[in-house]
Amino acid sequence: MMALEHARPASDYVVDLPEADDFELWRERARALVQCAVAPDRIAWVEPGGSGDLFAASAAQAGQGIPVPPADARLVRANRRFVSLARNAILHSDPGRFALLYRLLWRLQSTPGIMEDRADPDVRRVEELDKAVRRDSHKMHAFVRFRLVENADDEAREHYVAWFEPEHHILRANAGFFMRRFANMRWSILTPRGSLHWDGTTMSEGPPAQRSDAPGGDPMEDLWRGYYASIFNPARLKVGAMLKEMPKKYWKNMPEAALIPELVAGAQKRESAMVEKGALEFEERPATLAAIGKAIHACRKCPIGQLDNHAVMGEGPQDAALMIVGEQPGDQEDQAGRPFVGPAGQLLDAHLEKVGIDRRAAYVTNAVKHFKYVQRGKRRLHQNPGAKEIDTCRWWIESERAIVRPKLVLAMGASAARGLLGKTVSISRVRGQPIALEDGSELWVTAHPSYLLRLDGTAREEQARLFDADLAAVRARLSELA
Ligand code: URA
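Residues numbered from 1 in each chain as written. Predicted model: local features only at pLDDT ≥ 70, side-chain atom pairs only at ≥ 80, totals over all residues. Heavy atoms only, no water.

**Regarding the site of the ligand**
Point 1. Taken together, Gly 326, Glu 327, Gln 328, Pro 329, Gly 330, Glu 333, Pro 339, Phe 340, Asn 366 and His 448 make up all the residues around the ligand.
Point 2. Interatomic distance of 2.9 Å between a backbone N/O atom of Gln 328 and a nitrogen atom of the ligand.
Point 3. Between the ligand and Phe 340 there is a distance of 2.9 Å, counted from an oxygen atom to a backbone nitrogen or oxygen.
Point 4. Relative to its unbound accessible surface of 240 Å², the ligand loses 93% to contact with the protein.
Point 5. Of the residues belonging to the shell around the ligand, the class tally is 3 nonpolar, 5 polar and 2 charged. (Near = heavy atom within 4 Å. Polar contact = N/O pair within 3.5 Å; in protein donor to acceptor, adjacent residues only side chain to side chain. Areas by Shrake-Rupley, 256 points an atom, 1.4 Å probe, with all protein chains shown as cover. Nonpolar A, V, L, I, M, F, W, Y, C, P; charged D, E, K, R; others polar.)

Below you can see the structure in the form of structure tokens.
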């Protein structure tokens, strides 16, 4: 097959990209161009709304100007690092990004190791674009605020609308995050680059919006404000850091930001008052488990809450005598929205059954409410929460305890023990004996079932025996307390 390349003047390949964020289409077109040996400086990439270049006007349809690769064309080389950076960098608003990525792809054909050369200006630039896009997505996760709108269409379901101004083309790429996070809400996110609408089952896209299309103050705003005021910790107040994390640009869209000057002004006073009370913590606890369940979804007090995950609430009878506390939800728990349903949960169930503890009669929860992980390809690998993250989350476990009021709390693993005690203890030193908690209940500490899962052979048998012995002691103590 003859490449159409020869039919056109040397520098007039106009590649029309109908969507500014469509990596797959860019990749398809870039591959064809590389296979036809079209050098980077002979291509003009045109995106919607972009000024394009002189050739753009003559490109009437998407794809016009793309040469057809010969049937025996060589495969195009692109290593994993390039693809993962390019996928993200293409969302940047820099109009030169398509040409940059093509230039890199072109160079990769003859210099496969180029992506490892951090001094290369093209590699450096693509890394910068990737970083800026990730930062923009992070801001969107953290600063989108939904406001309740009146139901003009008489539908029973409440509709929440948020206004956000992304710097880059990140809206579509983040649709999944908001869909999973706010799955049961009907919501719209309006931006100057387009809008997203979720009705609980279907996601649809809409045109760009204006700030005036989004609502102003409303009860949801009050809820956010109340929540923010309650989590505002004057002891941690660092105005510089706050400004860096929450640039003023976003303040106008965030109802709680209206409180900032007031909170900052009152911080010193509040801090002394709190120190006097001996409690540097939040002010008012949610009164019901359902309220905790709702509030933890909005919690972004630590970086774990800003990952693409769900908060997992404890479950079990509200008057359970036994509360079992793990570390944090794992991948499966995050997806199921329930604690201890994955491999560690199955092992726990087997041991509980062996010693005669009915899991259904216990309240099962975690010290940390969100799944902390690092992404490795398609897998999300578990990461231990840090001491600060566990301490931040203590607010929730304490709130659960204040409602359930268990007679006995079983903490499994060092993170759970820290979540209950506020300090790190050695499991081998404290296991198998009660520790008095300030509300009169007893804390018992044992190993985490995941620890057993990581062992094998005699080490596993030995730890399983100790685990059973701890559980049996808990069961015996529960009978005494009944
Ligand atoms: N590990 C935990 O600590 N908690 C869970 O819910 C699951 C695994």
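**A few points about the pattern of salt bridges**
Point 1. Summed over all chains, the structure comprises 32 salt bridges.
Point 2. Here Arg 394 ties to Glu 398 by a salt bridge, and the two come within 3.1 Å at their closest N and O atoms. Linking Arg 394 with Glu 398, this pair stays in helix H13 (residues 387-404), spanning 4 residues, or about one helical turn. As far as burial versus exposure is concerned, Arg 394 and Glu 398 are alike and both buried.
Point 3. When the shortest N-O distance is used, the salt bridge between Asp 439 and Arg 401 registers 3.3 Å. One end of the pair, Asp 439, is in the loop between strand S13 (435-436) and strand S14 (442-446); the other, Arg 401, is in helix H13, and 38 residues separate them in sequence.
Point 4. What makes Asp 439 partly exposed here is its relative accessible area of 37%.
Point 5. For Arg 401, a relative accessible area of 4% translates into the label buried. (Salt bridge = Lys/Arg side-chain N within 4 Å of Asp/Glu carboxyl O. Helix = DSSP H or I, 4+ residues; strand = E, 2+ residues; numbered from the N terminus. Buried < 20%, exposed > 50% of the residue type's maximum accessible area, 1.4 Å probe, protein only.)

**Quick look at the sheet that holds strand S9 (residues 363-366)**
Point 1. Across the sheet, which stays open at both edges, the 5 strands sit in the order S9-S8-S12-S14-S13 with mixed pairing between neighbours. The strands lining the two open edges of the sheet, one partner per strand, are S9 and S13.
Point 2. Here helix H17 (residues 457-481) sits on the sheet and contacts strand S8 (322-326), strand S12 (408-412) and S14; the angle it forms with S14, its principal contact strand, is near 165°. (Pairing = 2+ DSSP bridges. Contact = heavy atoms within 4.5 Å. Axes fitted to C-alpha atoms, helices over the stretch in contact; angles between N-to-C directions.)

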